[in-house]
Amino acid sequence: MNSDKLNNNIEKGLKSSSQSISDFGINNSVVHWNLDSDYLSKITVDKKMGVFSNTGALAIDTGEFTGRSPMDRFIVKDSISKDAVWWGDINIAFDSNKFDDLYNKVITYLSGKEIYARNAVACASKKYRLTLTVVNEYPWSNLFADNMFIRLNEDEVKEFKSEWTIINAPGFMADPKVDGTRQHNFAILNFTKKVILIGGTGYTGEIKKGIFSALNFTLPYQENVLSMHCSANVGQNGDTALFFGLSGTGKTTLSADPNRNLIGDDEHGWSENEVFNFEGGCYAKCIDLSEDKEPDIFNAIKKGALLENITFKNGTNEPDYMNGSKTQNTRVSYPIHFINNIQTPSIGPTPKNIFFLTCDAFGVLPPISKLTPGQAMFHFISGYTAKVAGTEAGVTEPQTTFSACFGAPFMPLHPTLYAKMLGDKMEKSDVNVWLINTGWSGGAYGTGSRIKLKYTRAMISAALNGDLDKVEYQNHPVFGLNMPETCINVPEELLNPKNTWADGNLYDEKANELAKAFKLNFEQFADNANEEILDALPKEIIAK
């Protein structure tokens, strides 16, 4: 390794000739640049911050936070953001002077420490690629960045020029009274300085969602590219499919299809004529993981992968994926090439099918339905699902929620802007849009049961290969959804949710209850909705 001493920093490893850690204000530190996964894993184990599993994956605990903390995510309010960002409970304003003060505190905290830095890229499309530098206090956080962002070769690193910076200091605790935060942890985006500042939390998802939030601002607002919280894959005939949904609804699982090439599992852009992955890796949930149910993900957990907050079977180093005692949000990150059937590069043509995934805790919505353009826009803006236990701090039981664009926590702009872009693209494309319920059937949560993954896969396969173009449909009396009457390898009674309930009257009551929740939520968007979208609102059943 080469070593350069600049501004009292010892900088080791492969680095850009035009970049130094002192550029960020850090001094008197030992900095490891662009270490590979083997080295980062070894350092983590040597420092007793993690252990190796039986498959060679590195297993660590993220500490106090095992999920995102949405109430502690901020955006600096300045000349760039003040009139563009949709301010409120999701996009919380942060003072620019407070940001500068807090940044300096974090930099002072990191100065004098052994730290880890790397250069990477977001966006597989060369036209829209975003260069970034990640500076981490912990080696395993840097491994996460290596897994999740697009990796560079040696020549690219040497000539690297960074546009965005992520400063990640889990051990730094803010003082809310002085620093302007809500509590000791924070994740703050500064669009003017192109910096993401993260402190007080070791949860790695804050790193990836920081860049996702940045792209959700820059691409639609500055480049006319639709940014999407979705997974994507492509078939042998070049037919791209998108899967929208919040954490826990099945984006990662359902896009990992042995018969289709994976473009990406979570974050994508849709430009004029292509869909491209933002990331270079996958971040999958591990709870209840098995080789039978999800072989691609299970077999990707090997040397180089990073397991988070899992437990081991007694007396072994074999992960116990059934154990959620630390959190239901156990996770693994790995480079996308750990999946066998991937699209290279991570780009596909304009989509032929779009799936909106929802985890319906009421057990009301059908397991699959085909949407009209108006319904597609309505359900995209609504973004109904249930918060699944563990994906956010403080959530231990499923809670019904509406998240605009199936990703409101990461969307800095007003939801109708993203919705209009999606509507324009659907109008220009011959695309089928489907609503998929991966949640409950036969009753609400606590009474009914989760729809089996094998049935969901069968319904999606039927949609993708055109089988559902050849069947009869019936209309849902409340939501107006077109439900197929038959689907190969799926019990017919499952296709109409009312048929799975023991008491049809109770089903109607729950359907009305959910319809009222949809309409109440949509009131905030109604003024910006056209007649076609308004016609898609559910209509409650009037009791006879």
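Residues numbered from 1 in each chain as written. Predicted model: local features only at pLDDT ≥ 70, side-chain atom pairs only at ≥ 80, totals over all residues. Heavy atoms only, no water.

(A) Spotlight on the overall build of the protein. Across its full length, the protein carries 14 helices and 32 strands. Its C-alpha atoms put the protein at 80 × 55 × 45 Å along the principal axes. Of the contacts made within the protein by residues no fewer than 6 positions apart, 70% connect residues no fewer than 24 positions apart. For the protein, the accessible surface area stands at approximately 21,600 Å², while carbon and sulfur atoms represent 47% of it. Distance between charge centres in the protein, computed from 52 positive and 65 negative side chains, equals 3 Å. (Helix = DSSP H or I, 4+ residues; strand = E, 2+ residues; numbered from the N terminus. Contact = heavy atoms within 4.5 Å. Areas by Shrake-Rupley, 256 points an atom, 1.4 Å probe, with all protein chains shown as cover. Lys, Arg positive; Asp, Glu negative; His and termini not counted. Charge placed at Lys NZ, Arg CZ, Asp CG, Glu CD.)

(B) Spatial organisation of the side chain of S41. Among the structural elements, S41 can be located in helix 1 (residues 37–46). By relative accessible area, S41 is classed as buried at 5%. A polar atom in the side chain of S41 sits 2.8 Å from the backbone oxygen of S37. Among residues more than four places away in sequence, those in contact with S41 are F52, L58 and L143. (Buried < 20%, exposed > 50% of the residue type's maximum accessible area, 1.4 Å probe, protein only. Polar contact = N/O pair within 3.5 Å; in protein donor to acceptor, adjacent residues only side chain to side chain.)

(C) Inspection of the packing of aromatic side chains at higher detail. Under the criterion given, the structure shown has 29 aromatic pairs. Seen in terms of ring centroids, F356 and F406 are 5.2 Å apart; in terms of plane orientation they differ by 35°. Their pairing is tilted. Separated by 50 residues along the polypeptide, F356 in strand 24 (residues 351–358) and F406 in the loop between strand 27 (399–402) and helix 10 (415–428) bring together distant segments of the chain. On the basis of relative accessibility, which here comes to 0%, the residue F356 falls in the buried class. By relative accessible area, F406 is classed as buried at 1%. (Phe/Tyr/Trp six-rings, centres within 6.5 Å; stacked < 30°, edge-to-face > 60°.)

(D) Main features of the environment of A404. Here A404 lies in the loop between strand 27 and helix 10. C-alpha separation for the pair A404 and T416, spaced 12 residues apart in sequence, amounts to 8.7 Å. Discounting chain neighbours no more than four positions away, the residues touching A404 are F380, I381, S382, P415 and F525.

(E) Spatial organisation of unusual backbone geometry. Cis geometry is found at the peptide bond from T344 to P345, where omega equals -10°. The backbone of N224 sits at a positive phi, close to 60°, despite the residue not being glycine. In this structure, N224 sits in the loop between helix 6 (205–223) and strand 13 (226–234). Backbone geometry places C405, a non-glycine residue, at a positive phi of 65°. Along the chain, the position of C405 falls in the loop between strand 27 and helix 10. On the basis of relative accessible area, C405 is assigned to the buried category, the value being 2%.

(F) Inspection of the pattern of salt bridges at higher detail. The full count for this structure, using the stated rule, is 23 salt bridges. Its salt-bridge partner being K208, residue E279 comes within 2.9 Å of it at the nearest N-O pair. Taken together, the residues span a long stretch of sequence, with E279 in the loop between strand 17 (275–277) and strand 18 (281–285) and K208 in helix 6 at a distance of 71 residues. One exposure class covers both E279 and K208, and it is buried. When salt bridges with common partners are traced through the structure, they connect K208, K209, K251, D266, E267 and E279 into a single cluster. (Salt bridge = Lys/Arg side-chain N within 4 Å of Asp/Glu carboxyl O.)

(G) Layout of the environment of K370. Among the secondary structure elements, K370 is positioned in strand 25 (residues 368–370). A C-alpha to C-alpha distance of 46 Å links K370 and D36, two positions 334 residues apart in sequence. When neighbours within four sequence positions are excluded, K370 is seen to be in contact with Q375, N432, V433, W434, D469, Y473 and N482.

(H) Expanded view of a negative patch on the surface. Residues E427, E531, E532 and D535 make up a contiguous surface patch of negative charge. Looking at the secondary structure, you find E427 in helix 10. Taking the relative accessible area as the measure of exposure, E427 reaches 70% and is therefore exposed. (Patch = residues over 30% accessible without salt bridge, like charges linked within 9 Å, V, L, I, M, F, W, Y side chains within 5 Å.)

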